[in-house]
Amino acid sequence: MENSEDIIIKEKEYLLQTYKRIPIKISYGKGVYLITEDGKKYLDFFSGLAVNALGYGNQKVISAIEEQIKKYIHLSNYYVNSPQVEIAEKLVKYSGLSKVFFSNSGTEAIETSLKLIRKYGGPEKKIITFSNAFHGRSYGSLSLSGKEKYKKYFAPLLSNILNIEFNNVEELEKNIDSETAAVYLEFIQGEGGVRVASEQFISQIKSFKKKYDFILVADEVQSGIGRTGKPFAYSHFDIKPDLVILAKAIGGGLPLGAMITNKKYSTVFDFGDHGSTFGGNPVACAAGLAVINQVFDSGLVNEVAKLGDYFSTQIKMIRDEYPNKITDVRGLGFMLGVELTNPCSSIVDEFCKKGVLVNCTNENVLRILPPLISTQDNVDYFIDQFRSILSKTIS
Ligand SMILES: Cc1ncc(COP(=O)(O)O)c(C=O)c1O
């Protein structure tokens, strides 16, 4: 067996260097923990970037996968596969929308929605997106991005996409009109720094939607499936999107993405307009179904709401103790962001030394994405470590 050092060196030799890897060698995961080959245990408040909603080694997910692989691992989308239909039924039930198309990732689900919007609205109408938005890395999804850093080397991107300031009501007024085909929105921006849409912003979008009848797309890739303490981030607001984009947690750790549409847009695609060899893979759908059963049907989402409130209250207490180090605390449920005065990479390193994994996004925002099964003890442990780290850092 390779030792950890060899693997870390070989990774640099054999893989394109597009990921700045954290230099620890994970051996396995159990519950909310990741364990390294030398036996060190890490509390994982990173959750595979919001994928591992039920942590590691969840028995129901494992059993669902085992049962399905014995039947068939893959089936062409020319045939009906039961787990795909069953998970679609649940997604329709919990979203209140009408029909689902499955892909392998969030990016591909976004691409699906873009094709639907162009087919319905035509090539000329504009699509509105927001500053700091993140919708994926393919050409279509990158064209929707509100982050120049990701786009700068890749022009030309798709045309007729307008990026305006997030949460700015005047900007909406200036730019949304009858020529607007669609608006893409993360009700809570993840990659963009855990920024929650304001009530006023959403109510303005709602009234423009009534007037101009554009397609409202909720990108719930990161925020969906109970992460915010409600089924979807949009469930916190008095508005209903036309299209909902999902991925990450819905595959139980296997690649799965989905676009859910309301009835109005459910007939835009005809046979052959869109497709995918692997999209809606039966094993991924079976795993995802086990996740949805536990998060929604068994009420885990309500625990996330309660514990998420407790977590953010505790972080706000730390902010009050260190107002010169923390500038803002944001988020809902188990999707929390702590904006620091300084870049957060050194804080992330300190957490790592203390056996806690957490992410830094947008340079200075600590992004906290615990598995939805985390307990108050796990939260308290994180809080204790955070307090201890801040007490030692200079600024
Ligand atoms: C809000 C949002 N949309 C889309 C994507 C892209 O999803 P994927 O990486 O599964 O292609 C991500 C990924 O982080 C995301 O956070």
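As shown above, the structure is provided for reference.
As the structure is a computational prediction, the values presented were derived from the model and not from experiment.

Undergrad: In this structure, what is going on with the overall build of the protein? I would like to understand it.
TA: On a plain count of helices and strands, the protein comes out with 13 helices and 17 strands. Along the three orthogonal principal directions, the C-alpha set of the protein runs to about 55 × 55 × 45 Å. A total of 395 residues make up the protein; the buried ones form 51% of that total. In the protein, of all internal contacts separated by at least 6 residues, the share reaching a separation of at least 24 is 73%.

Undergrad: I keep staring at the environment of Asp309 and nothing clicks. Help me out?
TA: Within the fold, Asp309 resides in helix H11 (residues 300-321). On the basis of relative accessibility, which here comes to 52%, the residue Asp309 falls in the exposed class. Each C-alpha atom of the pair Asp309 and Gly331 lies 9.7 Å from the other, and the pair is 22 residues apart in sequence.

Undergrad: Quick question: what am I supposed to make of the pattern of salt bridges here?
TA: When charged atoms on two side chains of opposite charge get close, those side chains can pair. Applying the stated rule across the entire model yields 17 salt bridges. Arg367 serves as the salt-bridge partner of Glu191, at 3.5 Å between the closest nitrogen and oxygen. Of this pair, Glu191 sits in the loop between strand E8 (188-189) and strand E9 (195-196) while Arg367 sits in strand E17 (residues 365-368); the two residues are 176 residues apart in sequence, bridging distant segments of the chain. Glu191 gets classed as buried once you look at its relative accessible area, which sits at 15%. On the accessibility criterion, Arg367 (3% relative accessible area) is buried. Two residues, Arg319 and Asp320, come together in a salt bridge whose shortest N-O distance is 3.3 Å. Its relative accessible area of 23% is what places Arg319 among the partly exposed residues. Among the residues examined, Asp320 registers a relative accessible area of 53% and is labelled exposed.

Undergrad: What should I look at first to understand the pairing of strand E10 (residues 215-219) in this one?
TA: Here is the key point about a regular strand: its side chains alternate between the two faces of the sheet. With 5 of its 5 residues buried, E10 lies for the most part within the structure. As defined by bridge partners, E10 adjoins strand E11 (residues 243-246) across 3 bridges and the pair is classed as parallel. Paired with Ala218 across the bridge in E11 is Val244.

Undergrad: Sorry, what's going on with a nonpolar patch on the surface here?
TA: Together, Tyr139, Tyr153 and Phe154 line one region of the surface with nonpolar side chains, adding up to about 380 Å² of accessible area. Mapped onto the elements, Tyr139 comes out in helix H6 (residues 139-143). On the accessibility criterion, Tyr139 (46% relative accessible area) is partly exposed.

Calculation rules
Residues numbered from 1 in each chain as written. Predicted model: local features only at pLDDT ≥ 70, side-chain atom pairs only at ≥ 80, totals over all residues. Heavy atoms only, no water. Helix = DSSP H or I, 4+ residues; strand = E, 2+ residues; numbered from the N terminus. Buried < 20%, exposed > 50% of the residue type's maximum accessible area, 1.4 Å probe, protein only. Contact = heavy atoms within 4.5 Å. Salt bridge = Lys/Arg side-chain N within 4 Å of Asp/Glu carboxyl O. Pairing = 2+ DSSP bridges. Patch = residues over 30% accessible without salt bridge, like charges linked within 9 Å, V, L, I, M, F, W, Y side chains within 5 Å. Areas by Shrake-Rupley, 256 points an atom, 1.4 Å probe, with all protein chains shown as cover.

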